[in-house]
Amino acid sequence: MRFRVLGPLQVEDGSGPVAVGGHKPRTLLAALLVAHGEVVSADRLVGVLWGDTPPDGALTALRAYVSRLRGALGDAAPIRHRPPGYGLALDAATLDAAEFEQRVRTARAAAASGDHARALAELDAALALWRGDALAEFADEEFAAAEAARLTELRTGATADRADALVELGRAAEAVPELEALVRGHPSWERPAVSLMRARYATGRQADALAAFHELRTRLDDELGVEPAAPAQALYRRILVHDPALAGTPPPGNLPRRASGFVGRGREVERVLAALRAGPLVTLTGVGGAGKSRLAVEVAARDRDRFDDGVWLCELAGLPEGTPVGHAVAAALGIRQRSGLSVEQTVLHYLRERSLLLVVDNCEHVLEHAARLVGAVVQRCPRVVVLATSREPLAAEGEQVWPVPPLPLEDATALFVQRARAAVPDFRLDPAAADAVTAIVTRLDGLPLGIELAAARMRAMSPVEVARRLEDTPLLGGGRGPVARHQSLEAAIEWSYRLLPEPEQRLFRGMSVFAGGADLRAVHRVVDPAATEDDVLDRLTRLVDRSMVVARSGVRSRYRLLETLRAYGRARTEEAGEDGALARRHVAVHVDLAERAGRGMQSADERAWAEEGLAVYDDLRAAFTRAAADRDWEPALRLVTAVPELVHLRVGYEAYAWAEQLLRVVDPGHPLYPAAVGAAARGAWNRGDFAGATATARLAEGRLPPPGNPRIAYPGDVLADVALYQGDVGAALAHYTAEAERARADGDRIRLVWTLYYVAVCQAVGRTPERGLAAARESLEVADATANPTARSMGRYALGLVLKKTDPDRALALFDAAGELAAGVRNFWWQGIAMMEAAATRAVHGDPVVAARELATVLAHWERVGDATQQWLNLRYVARLLQRVDAADDAAALHACLVAAGKPSPLGPADGAGHPHDLRAAEATAVALARDALARVAASSVRA
């Protein structure tokens, strides 16, 4: 028997809710529960039931109500008569309020011992028990007021505890909204205000953190005439001096912030956590809408502290059916394909030495490829654990398969109430509504997606009406088990869809063409260009209200369908014969967006366009895939030649394979052909295939791409870069000098910055940096006139490079500024080279401890970006630093690694050229040695 008072009074046994009776029996039961098993006198109970004017025979009526309750509750929680009244024995029953208090006590003990992850898990479970206001039906009754107030105060304290746990776990950004709400609700309570100061500071908002203190001081002075207590004032002083201990380090990873609370599944969470500790691969299986993804994210969040390198989520839903998954996994991890490796090999190489949890979501439509890569990760990466979700198992070695069951009645009801209150804040689960909700969640087989769709209808329908309509919706067949559950979910989706007006139906099914979601402008242009944008927004808003569409807020809100709903929508578009026209508009809109983004990447608004392009990357891929499948080469060519700067510098090298595919089928006479050649040639260059890069670049036969082509995709530049890296500085210098003159004559400022930058680089590589000074200065001047962040970064880097020996202080300032500009637009390659040259300059002219820390950061950066050429250069800089600080043994060991790999060393010539059998293994060995040596240099300041 389970009693629930954290919300409307509810009694349940093993088979479901127990009907207690009308208002008087429910009030009697509530009074006994409030007493926590203690005896309540008969006179007191009469007063509770009838107030100050009880009827004649009130004691007899009381005994009758007690008898009814005994019959309803049975032996599990008997009501016992003990003079002078009655008590409820709770030995064999549970009370949600008691469980709540126990979990809060456990959480506080865990926090006191430093186990903040355990504290957060306990607090989440405790707060999930609440379904509304405590003893909600009896808020105006004297007997319940004190207990309701006590429980509410405990709930508020637990909410504050949860926010503190988030801050301690490096998740301050999640804590800020909760703390702001607490401060608004309790303006004179100092604790949440202090926590808010700390959370805001940890997220980089120092001014807002200080403002929280000033607002607290003003409120306390106005209301109480006092100053904030010592903890608030001490924290204020620490924020003013930027105490490093306050900054907080967010845990590595990319888990999304939960938009709503996680309901129930406590048993499943614990079992999956145990399975993850027992083996390296766990797959959650179940029908669409069963809650696999939410369960996976919840489990991952609770297990994140076990992994030094964090938790990373890779969503595969946006991939076309049957395609490889390597690029998607690499993008989720934030790494790029390494020279000489496939993208799958790059992922394995990166994960081999790391301790992390990889969540691979929605594998079913790419099952074979996902199973192959996940299986390789499990076999070759000993400290990586994989949690996958799929409608069927991966069938990989060592896989533990955990079917995700439907929600039990209690959890299903709680989910319905939570989502209903999101739609209607004053939704109340009175006895009639409780019976209807039970019928609804039972009809929907406890599937979370179906429950959310039904709950979203509470704005327009009552639970009784929803239950009745669902009963009138036939399932596709009979039976039980996964097939029946799938049919019940389809029935719920079908029912929700049929309730929509026809324009909303058309918008819903049309949105299924988007692989990763879209903003309002794209939805309008692709799905319903004949309507006005305002009309589309109105319909989108109603679909969001009905849980048919998910909205993600930001500078520009984006809208998407959950994968189960998207599959349903695709089926409806095919039935309506709309799929072909939708796909063509989708391709056209995203080709246009790619071209606008390509131009925008060379403007002052580079950051905004980079964010826009990255947000639609899944749909750029889908657009190319569709155009290529239709052999519609014109839009495919336009898209491929627009995206290199966006994709190469920020995502990875996937788009270069698109360019290579097109070179085999498009007309060499097409004006965009040289641009496609440049993109494909740069891809070969990035793979370290210099012969392939040269052969591909020559296909352009000296022709230039159109003006405004992405900076990195000029065929002639690729040939010059090959020459530069192979030691022919003169050939590279001649090319870029001529191209600078051409760009100056054409008035192409972005191209001029690029070519002047390379003139300066060639002079520095040729050991005549003074000859590159004029080009570097002009590059910087022109770059600043463009206001383009990457151009400005390149100009500063070029000038720093030619000044680093003669004016190291100015060079350092230029390198630091170049790195910040590149990082601000997620240009990872230019950020890396700027960071590296700054660290190298400090290694020679600055604080060696600071240089050691920066060089270690650069080691990690090139491991992610995947540029082995730059990594070997960085290792040379490390060797020079080790020599400077007299770390003779470490310097000699790294020198030996460089020589063995056939790489030049700053510590002296090699006795003979090295020819390692496995250059990648040699690099990994050298990086590990360098990392350990740099850690010892950095630690020397602590010992000193």
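Before any of the text, the structure's been laid out above.
Every chain's residues receive numbers from 1 upward, in the order its sequence appears when written. It should be noted that, the model being predicted, local features are given only for residues of pLDDT at least 70 and side-chain atom pairs only at 80 or more, the latter also being counted only at that level, while totals for whole chains, interfaces and linings use all residues. Side-chain metrics rest on all non-hydrogen atoms present in the structure, leaving aside hydrogens and water.

Enquirer: Help me understand a negative patch on the surface in this model?
Expert: Residues Asp-221, Asp-222, Glu-223 and Glu-227 make up a contiguous surface patch of negative charge. Strands here are runs of E lasting at least two residues and helices are runs of H or I lasting at least four, both read from the DSSP assignment and numbered beginning at the N terminus. Along the chain, Asp-222 falls in helix H9 (residues 206–223). Looking at Asp-222, the relative accessible area reads 60%, which means it is exposed. In this scheme, patches are assembled from residues that exceed 30% relative accessible area and form no salt bridge. Like charges are connected within 9 Å, while nonpolar side chains (Val, Leu, Ile, Met, Phe, Trp, Tyr) are connected within 5 Å. Methods summary: accessible areas were calculated by the Shrake-Rupley approach with a probe of 1.4 Å, and residue burial reflects only the protein chains presented. In what follows, salt bridge is the name for a side-chain nitrogen of Lys or Arg lying within 4 Å of a carboxyl oxygen of Asp or Glu. By the counting rule applied here, Lys and Arg register as positive and Asp and Glu as negative, while His and the ends of each chain are not counted. We put the charge of a Lys on NZ, of an Arg on CZ, of an Asp on CG and of a Glu on CD. Any residue under 20% of the maximum accessible area for its type is buried, any over 50% is exposed, and the rest in between are partly exposed; the area is computed with a 1.4 Å probe on protein chains only.

Enquirer: I'm lost on the environment of Arg-469 in this one. Help?
Expert: Looking at the element boundaries, Arg-469 is found in helix H20 (residues 463–471). Taking the C-alpha atoms as reference points, Arg-469 and Ile-440, 29 residues apart in sequence, are found 9.6 Å from one another. Whether two residues are in contact is decided by their heavy atoms, any of which lying within 4.5 Å being enough. In contact with Arg-469, not counting residues within four places along its chain, are Met-461, Trp-495 and Leu-499.

Enquirer: In this structure, what is going on with the sheet that holds strand E12 (residues 399–403)? I would like to understand it.
Expert: Strands belonging to one sheet form pairs held by backbone hydrogen bonds; the direction of such a pair is parallel or antiparallel. Here, strands pair whenever DSSP counts at least two bridges between them. Across the sheet, which stays open at both edges, the five strands sit in the order E9-E10-E11-E8-E12 with parallel pairing between neighbours. Whereas interior strands pair on both sides, the edge strands pair on one side only; in this sheet they are strand E9 (311–315) and E12. On average, each strand axis in the sheet is tilted by 20 degrees relative to the strand beside it, whichever way the strands run. As judged from the five bridges shared by strand E8 (residues 281–285) and E12, these two strands associate in the parallel manner. Residue pairing in the sheet places Val-282 in a bridge with Gln-400 of E12. Only the contacting stretch of a helix is used when fitting its axis, a line to C-alpha atoms as for every element, and angles between N-to-C directions run 0 to 180 degrees. Sheet strands in contact with helix H16 (residues 367–380) are E8, strand E10 (356–361) and strand E11 (384–390), and its direction is about 160 degrees off that of E11.

Enquirer: What am I meant to see in the pairing of E11 here?
Expert: Along a regular strand, successive side chains alternate from one face of the sheet to the other. Among the seven residues that make up E11, seven are buried, leaving the element largely enclosed by the rest of the structure. Because side chains alternate across E11, one face comprises the buried residues Val-384, Val-386, Ala-388 and Ser-390, and the other comprises Val-385, Leu-387 and Thr-389, equally buried. Pairing of E10 with E11 involves five bridges; the strand directions are parallel. Opposite Val-359, over in E11, you have Leu-387 as the bridge partner. Here the term right-handed applies to a crossover when the path leading from its first strand over the helix to its second strand runs clockwise, the strands being oriented away from the viewer. Where the polypeptide runs from E10 across H16 and back to E11, its parallel neighbour, the crossover connection is right-handed.

Enquirer: Explanation requested: the sheet that holds strand E14 (residues 550–552) in the structure shown.
Expert: One open sheet holds the three strands; their spatial order is E13-E15-E14, and the pairing between them is antiparallel. Each edge of the open sheet is held by one strand with a lone partner, namely strand E13 (518–519) and E14. Strand direction decides the pairing type here: E13 and strand E15 (residues 558–560), joined by two bridges, are antiparallel. By the bridge assignment, Asp-519 is partnered in E15 with Arg-558.

Enquirer: Please clarify how the pattern of salt bridges should be interpreted in this entry.
Expert: Pairing between side chains of opposite charge can happen when the charged atoms of each approach one another. Per the stated rule, a full pass over the model turns up 59 salt bridges. Its salt-bridge partner being Arg-162, residue Asp-124 comes within 2.4 Å of it at the nearest N-O pair. In this pair, Asp-124 is assigned in helix H5 (residues 116–127) and Arg-162 in helix H6 (residues 142–168), connecting sequence segments 38 residues apart. Here Arg-509 makes a salt bridge to Glu-578, at a shortest N to O gap of 2.7 Å. One end of the pair, Arg-509, is in helix H22 (residues 502–510); the other, Glu-578, is in the loop between helix H25 (563–575) and helix H26 (579–600), with 69 residues separating them in the sequence. Where salt bridges share partners, they join Arg-2, Arg-4, Glu-12, Glu-99, Arg-103, Arg-118, Glu-122 and Glu-410 into one cluster.

Enquirer: What should I look at first to understand the nonpolar core in this one?
Expert: Soluble globular proteins: nonpolar side chains tend toward being buried together. Core analysis: the biggest nonpolar cluster contains 117 residues, and Leu-639, Tyr-757, Trp-830, Leu-875 and Leu-894 have the highest contact counts within it. Looking at this core element by element, the count peaks at eleven residues for helix H36 (residues 749–765). Residues contacting Trp-830, with those up to four places away along its chain left out, are Leu-649, Trp-754, Tyr-757, Ser-793, Met-794 and Ala-822. Among buried residues, those of type Ala, Val, Leu, Ile, Met, Phe, Trp, Tyr and Cys that are joined through side-chain atoms within 4.5 Å constitute a nonpolar core. By size, the runner-up hydrophobic cluster in this structure holds 52 residues, among which are Leu-9, Val-40, Ala-126 and Phe-138.

Enquirer: What is the right way to read helix H19 (residues 448–455) from this model?
Expert: Given 3.6 residues to a turn, an α-helix orients residues that are three or four positions apart in the same direction. With eight of eight residues buried, H19 lies mostly within the body of the structure. Those residues of H19 that sit buried are Pro-448, Leu-449, Gly-450, Ile-451, Glu-452, Leu-453, Ala-454 and Ala-455.

Bear in mind that shape data such as this cannot, by itself, settle questions of function.
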